[in-house]
Amino acid sequence: QMPLLKSELDRYRRTGYRIVFLAADGQRADRLKRILEDFGMEAEFARDPSTLSNRPAIFQGNLHNGFELSLLRLAVITETEVFTTKQRKIRPNRSISDAERIKSYQELKIGDYVVHLNHGIGKYIGITTLVVENTHRDYLQLEYANGDSLYVPTDQIDLVQKYVGAEEKVPKVYSLNGSEWQRVKSKAQSSVQDIAQDLIKLYAARQAALGHSFSADTPWQSEFEAMFPYEETPDQLKSIIEIKRDMEETRPMDRLLCGDVGYGKTEVAIRAAFKSVMDGKQVAVLVPTTILAQQHYQTFNERCAGFPVRIEVLSRFRTKAQCNEVIKGVKEGSIDIVIGTHRLLNKSVQFKDLGLLVIDEEQRFGVTHKEKIKQLKNNVDCLTLTATPIPRTLHMSMLGIRDLSVIETPPENRFPIQTYVVEYSDGLVREAIERELGRGGQVYFLFNKVREIDRMAERIRALVPDARVVVGHGQMNEEELERVMLEFLEGEADVLVSTTIIETGIDIPNVNTLIVNDADHMGLSQLYQLRGRVGRSNRVAYAFFTYQRDKVLTEVAEKRLQAIKEFTELGSGFKIAMRDLSIRGAGNLLGAEQHGFIASVGFDLYSQMLTTTIEELKGEAKEKTVEPSVELAVDAYIPEVFIPDPVQKIEIYKKFVSAKTLDQVTDLEEEIEDRFGDLPLEVRQLLAIVRIKLCAAAYGFDSITRQGHDVSLRLHEKENARIQGDKLFALSKKFPNRMNLTAGKNIVITLRVKGLSSTESVALLEQFMQEFPSVRKEDTLIGQTS
C-alpha cells in the first residue's frame with residue numbers, strides 16, 4: 001500500500017521526524033530505493049546515523065519489526081513491513097548425498113526377504129554375534145532353502161540388498177548348494193542387454209533433441225530470489241542449481257523434483273518459471289485439481305508482485321468468457337504464466353512460445369492426459385513435482401533416464417504426524433473432533449461417496465452438536481464449492497466433510513486432525529498425500545485411517561495401511577514411493593506391461609545390472625576396484641548393550657561400509673557418540689579398522705592379515721614402482737624391532753605385535769598407515785577427497 005506509506009512519510013516529515021528504512025543487504029536496499037522513487041518518495045543511502053537529515057535514509061540491517069521513538073522523533077521502518085514478507089530464518093546446514101537418499105528406504109527388518117549378490121534370495125533372520133578364534137564379530141544371518149544359514153560379515157553388508165519386487169507374491173528362496181541362482185541371474189542379464197540397447201537409443205534421442213537454451217540469470221532473477229521470505233534449505237538450493245543448469249543446456253530438461261508436501265517444491269518451480277519468463281518464454285503449470293490451481297495462482301501472484309509478469313488461471317472456477325480471454329492471451333503471448341487443470345491440454349489452448357512445462361503430481365492424470373502431456377513436452381523443458389512418484393517414473397529417475405532432484409529437509413518446527421489405522425467407530429470420531437476443537441483447530445473428514453456424503457455430515461453434527469460442519473465435493477457447482485472452501489479457510493466452519501478433492505492443494509495450517517473413512521479403498525500415494533493435508537504448522541497433528549468393523553482386508557490393502565502407519569517420520573515420501581514400487585511392481589520402462597525379471601532378482605539388483613550394462617555399451621564402464629581384506633583378530637563390532645535396536649545397528653554398519661574418506665569416519669564417530677554415548681572399546685576398534693582399510697585401499701595394499709604374533713601387509717605388485725626403497729628402509733627405523741621387509745613379486749611388510757594388546761596392535765598399525773605415504777612417489781590423500 002505505497003500511497004498509504006507515502007502519506008505516513010509526509011506526516012512524519014511535517015512533525016520533524018527522522019526516518020530510517022532497513023534493508024537486509026545491498027541488493028534489497030537498491031530495490032527499496034527504486035520502488036520508493038517510483039512512488040514519488042525520495043530516500044538516500046546512509047551509513048552513519050549521526051548524519052541523518054530530514055530525508056528518509058536507507059541503512060543495511062535486519063530487525064523483526066520497525067518502531068517509533070516519539071521523544072527522539074525517530075521512525076524505523078523495515079523492508080519486511082514495506083513488502084509484507086516474513087523474516088528470513090537461517091537454518092543449520094545438513095549435508096547428505098543422493099546415494100544415501102536413494103538407499104534410505106532399505107531399512108531391513110527381521111523376516112524381510114533379501115538378495116545376496118552371490119547366493120540369491122533368502123530371508124533376513126537378524127544380527128548375530130559369533131566368536132571365531134576367540135574374536136567377537138557381528139554377522140547378518142540369512143536363511144536359505146532347507147533351513148541352511150549364511151552368516152555375512154558386516155563389512156560385506158553392501159553385498160546384501162532388501163528384496164523389492166511384486167509383494168503380492170512370495171519370492172523363491174534359493175538353496176546355498178545349487179546353481180539355480182546363477183541361471184536366474186544369467187537370464188535377467190540377457191533381458192537387461194535387450195532393454196539397455198533400447199535405453200541407449202532413448203538416451204541418444206534425448207541428447208540429440210534441440211530445445212531452447214535459456215540465458216544465464218538476470219539481475220532481476222537475483223532480485224526476485226532475494227525476495228523469498230524464508231531461508232532456503234540446502235536441498236532447495238541444490239535442486240534450484242540443478243534445474244537452472246538443465247534449462248541453460250540445449251537438450252530439453254526432463255527432471256523429477258521429489259519432496260514431501262510443504263517442503264518447498266513450489267518455490268523451486270516458481271524460480272524456474274521466472275527464469276523462463278525473463279527469457280521471453282511462456283510457462284504452463286499443469287495441476288490435477290481446481291483448488292490446487294487456485295492456490296498456485298495466488299502463490300505465483302504473491303511471489304511475482306512488483307515484477308512485469310502476467311499470470312492467469314484456467315479452471316472451472318472461471319466463467320466461459322474469462323477462459324476464452326485467457327486462451328486468447330496465451331495464443332497472443334500477452335500471458336506469461338498460465339496455471340490450469342487438464343483444460344490446459346485442450347486443443348483450443350495454443351501457446352505463442354512455450355518454454356517450460358511444470359507438472360504437479362503427474363500420477364493424478366489419466367492415460368489420455370499423459371499422451372497429450374507427452375506431445376506438449378516435445379522440445380520444451382519439463383519439471384515434474386511430486387511427493388510420491390509412481391513406480392515407473394521413480395524407476396526411470398533412479399536409472400538416469402529422467403533426472404532426479406530430492407528435497408528432504410523438513411520445514412522448521414514441524415512434527416511427525418501421529419498416524420493410526422483403526423476400525424471405524426462413532427466414539428473415535430467424536431473424541432478426535434472434540435479434541436481438535438478443544439485446542440481451537442479444524443478437522444478434515446474424508447468420505448468418498450457423494451451420494452451419502454450429506455447423510456454422513458448429519459451423523460457428525462449429531463455426534464458433535466457444537467461443531468460447525470460443511471460439505472464439499474467435486475459435483476457441486478463452482479460458486480457453491482468456492483463458498484464452502486472459503487468459509488472453511490476463514491475459520492467459519494470446524495469440520496469439512498469432503499471427497500478426495502482435498503488431496504492436493506489445500507493448505508490450511510489450522511487443520512490438524514484428519515479422519516479418512518474406508519481408507520482401505522485408496523492407493524498408498526493417495527493416502528500419503530491426504531495425510532500431508534495436516535501437520536503443516538508447529539502443532540502436533542493426528543491422522544486416523546479407518547476401515548469398516550469386522551471387514552476382512554485384502555492383502556494389498558493391508559500392506560498399504562501398514563506402510564502408511566510405518567512411515568510417519570518427516571520426509572517419508574520417497575520411502576512410500578519405494579514401498580508402492582514393491583507392492584505394484586516397477587513395470588516395463590518402455591511399455592505398459594510388468595517386467596517379470598525384476599521380480600526374479602529384485603528391483604535393486606536388476607537396476608544395478610541395467611546401469612552397469614548401459615555403461616559398458618556406452619564405453620563408460622568404471623574399472624572395478626578390489627577392496628583389501630583386513631583380518632586382525634580383534635573384537636571390532638557393535639555390542640548389543642550399546643545399540644540394542646537391530647535396525648539402528650544395521651544403519652550404522654551401512655555407514656561404516658559406505659565411508660570413503662577419513663573425514664567421513666571422523667564425522668561418523670562424532671555422530672555415534674552424540675546419539676548413543678561414550679564409545680565402548682569394540683566400537684573404537686571397529687572405527688580404527690575402517691580407517692586402516694581406507695588407507696590400505698588408497699596405498700595399494702592387497703591384504704592385511706594377522707598370523708600369530710605378526711601382521712602381514714601385502715602390497716599389490718603394481719605398487720612396487722611407486723615405492724622408494726631408501727625411504728622404506730628409513731621408515732623401518734621408526735619402528736625398531738617391529739618392522740620387517742620381504743621383497744619379491746609383491747612387497748610384504750611385517751609388523752611384529754608380540755607383547756601388545758589388541759588395542760596397542762591396532763594403534764601401531766594406524767601409526768604405520770599415517771607414516772607410509774612418505775615412502776610413495778605419488779602420495780594419495782584420502783582425508784578430503786574420496
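Refer to the structure printed above.
Since this is a predicted model, take the numbers as computed values, not measurements. (Residues numbered from 1 in each chain as written. Predicted model: local features only at pLDDT ≥ 70, side-chain atom pairs only at ≥ 80, totals over all residues. Heavy atoms only, no water.)

A. Representation of the overall build of the chain. Summing up its helical and strand segments, the chain has 25 helices and 28 strands in all. Counting only residues that meet the buried cut, the chain has 51% of its 786 residues in that class. A sequence separation of at least 24 residues applies to 74% of the contacts in the chain between residues at least 6 apart. (Helix = DSSP H or I, 4+ residues; strand = E, 2+ residues; numbered from the N terminus. Buried < 20%, exposed > 50% of the residue type's maximum accessible area, 1.4 Å probe, protein only. Contact = heavy atoms within 4.5 Å.)

B. Quick peek at the pairing of strand S5 (residues 74–78). Within S5, five of the five residues are buried, which leaves it mostly tucked inside the rest of the structure. Burial along S5 is two-sided: Leu74, Val76 and Thr78 and Ala75 and Ile77, pointing in opposite directions, are all buried. Bridging between strand S1 (residues 18–23) and S5 involves five bridges; their strand directions are parallel. Bridging across to S5, Arg18 finds its partner in Leu74. Looking at chain direction, strand S4 (residues 67–69) and S5 are connected through three bridges and run antiparallel. Residue Glu68 lies in a different strand from S5, and its bridge partner there is Ala75. (Pairing = 2+ DSSP bridges.)

C. The packing of aromatic side chains, seen in detail. Tallied over the full model, the rule gives 14 aromatic pairs. Ring geometry for Tyr12 against Tyr17: centres 5.1 Å apart, planes inclined by 45°, an arrangement best described as tilted. Of the two residues, Tyr12 and Tyr17, both sit in the buried class. Relative to Phe544, the ring of Tyr420 lies with its centre 5.2 Å away and its plane at 15°, an arrangement referred to as stacked. One end of the pair, Tyr420, is in strand S18 (residues 418–423); the other, Phe544, is in strand S23 (residues 542–547), and 124 residues separate them in sequence. Through a chain of ring-to-ring contacts, three or more aromatic side chains come together here, namely Tyr699, Phe701, Phe735, Phe768 and Phe772. (Phe/Tyr/Trp six-rings, centres within 6.5 Å; stacked < 30°, edge-to-face > 60°.)

D. Spotlight on a negative patch on the surface. On the surface, Asp663, Asp667, Glu670, Glu673, Asp674 and Asp678 cluster together to form a negatively charged patch. With respect to the secondary-structure elements, Asp674 resides in helix H22 (residues 662–676). (Patch = residues over 30% accessible without salt bridge, like charges linked within 9 Å, V, L, I, M, F, W, Y side chains within 5 Å. Areas by Shrake-Rupley, 256 points an atom, 1.4 Å probe, with all protein chains shown as cover. Salt bridge = Lys/Arg side-chain N within 4 Å of Asp/Glu carboxyl O. Lys, Arg positive; Asp, Glu negative; His and termini not counted. Charge placed at Lys NZ, Arg CZ, Asp CG, Glu CD.)

E. Up close: the sheet that holds strand S21 (residues 495–498). Spatially, the six strands line up as an open sheet ordered S18-S23-S22-S19-S21-S20, and their pairing is parallel. Sheet topology places S18 and strand S20 (469–472) at the edges, where each strand pairs with a single neighbour. Recorded for the sheet is a direction-independent mean angle of 20° between the axes of neighbouring strands. As defined by bridge partners, strand S22 (residues 511–516) adjoins S23 across four bridges and the pair is classed as parallel. Bridge assignment links Thr513 to a residue of S23, and that residue is Tyr542. Of the strands in this sheet, strand S19 (442–446), S20 and S21 are in contact with helix H14 (residues 453–463), which crosses S20 at around 165°. Across the face of the sheet, helix H15 (residues 478–489) comes into contact with S19, S20, S21 and S22 while running at roughly 140° to S20. (Axes fitted to C-alpha atoms, helices over the stretch in contact; angles between N-to-C directions.)

F. Quick peek at the environment of Arg738. Locating Arg738 in the fold gives a position in the loop between helix H24 (725–733) and strand S27 (739–742). Once the C-alpha coordinates of Arg738 and Asp710 are considered, the two residues, 28 residues apart in sequence, prove to be 9.1 Å apart. Each residue touching Arg738, except ones within four places of it in the same chain, is listed here: Thr750, Leu751, Arg752, Val753, Lys754, Leu756 and Leu764. A distance of 3.1 Å separates a polar side-chain atom of Arg738 from the backbone oxygen of Lys754. (Polar contact = N/O pair within 3.5 Å; in protein donor to acceptor, adjacent residues only side chain to side chain.)

G. Inspection of the nonpolar core at higher detail. With 62 residues, the main nonpolar core has Phe768 and Phe772 as its most contacted residues. Beyond its immediate chain neighbours, meaning those up to four positions away, Phe768 contacts Phe701, Leu713, Leu731, Phe735, Met739, Ile749 and Leu751. Judged by nonpolar contacts, the second largest core, of 34 residues, contains Ile270, Leu292, Cys304 and Val358. (Core = buried A, V, L, I, M, F, W, Y, C linked by side-chain atoms within 4.5 Å.)

H. Structural view of the sheet that holds strand S9 (residues 149–153). The antiparallel open sheet is built from five strands, whose spatial order is S9-S8-S7-S6-S10. In this open sheet, the two strands that pair with only one neighbour each are S9 and strand S10 (160–162). The sheet shows a mean angle of 45° between the axes of neighbouring strands, direction not considered. Pairing geometry for strand S8 (residues 135–143) and S9, over five bridges, is antiparallel. Bridge pairing in S9 places Leu142 opposite Leu150. Each of strand S7 (120–132) and S8 is contacted by helix H21 (residues 646–658), which is oriented at about 85° to S7, the strand it contacts most.

I. Focus on the pattern of salt bridges. Tallied over the full model, the rule gives 45 salt bridges. Salt-bridge contacts for Arg461 lead to Glu458; the nearest nitrogen and oxygen are separated by 2.7 Å. Here the residue Arg461 and the residue Glu458 both occupy positions in helix H14, the gap between them amounting to three residues, near one helical turn. The exposure class assigned to Arg461 is partly exposed, which follows from its relative accessible area of 29%. With a relative accessible area of 49%, Glu458 lands in the partly exposed category. Connected through shared salt-bridge partners, Asp217, Glu225, Glu232, Lys244, Glu248, Glu267, Arg271, Lys275 and Arg303 make up one network.

J. Region of the structure containing the environment of Val20. Along the polypeptide, Val20 turns up in strand S1. Classification of Val20 by relative accessible area gives buried; the value is 9%. Separated by 37 residues in the primary sequence, Val20 and Ala57 place their C-alpha atoms 5.0 Å from one another. Setting aside its immediate chain neighbours within four residues, Val20 contacts Leu52, Ala57, Phe59, Leu74, Ala75, Val76 and Ile77.

K. Just H24, in detail. Along H24, the residues classified as buried are Leu728, Leu731 and Ser732. When H24 is viewed along its axis, its buried side chains cluster within an angular range of 105° and face the same direction. Turned more than 90 degrees off the buried face of H24, the exposed positions are Asp726, Phe729 and Lys733. If you follow the buried residues of H24, they end up packed against S27, strand S28 (748–752) and helix H25 (758–771). (Arc of directions from axis to C-beta.)

L. Region of interest: the pairing of strand S26 (residues 710–715). Pairing of strand S25 (residues 701–707) with S26, which is carried by six bridges, proceeds in the antiparallel orientation. Within the sheet, the bridge partner assigned to Phe701 lies in S26 and is Leu715. The pairing of S26 with S28 spans five bridges and is classified as antiparallel. Looking across to S28, one finds that Ser712 is bridged to Thr750.

Remember that the coordinates give geometry; whether it matters functionally is a separate question.
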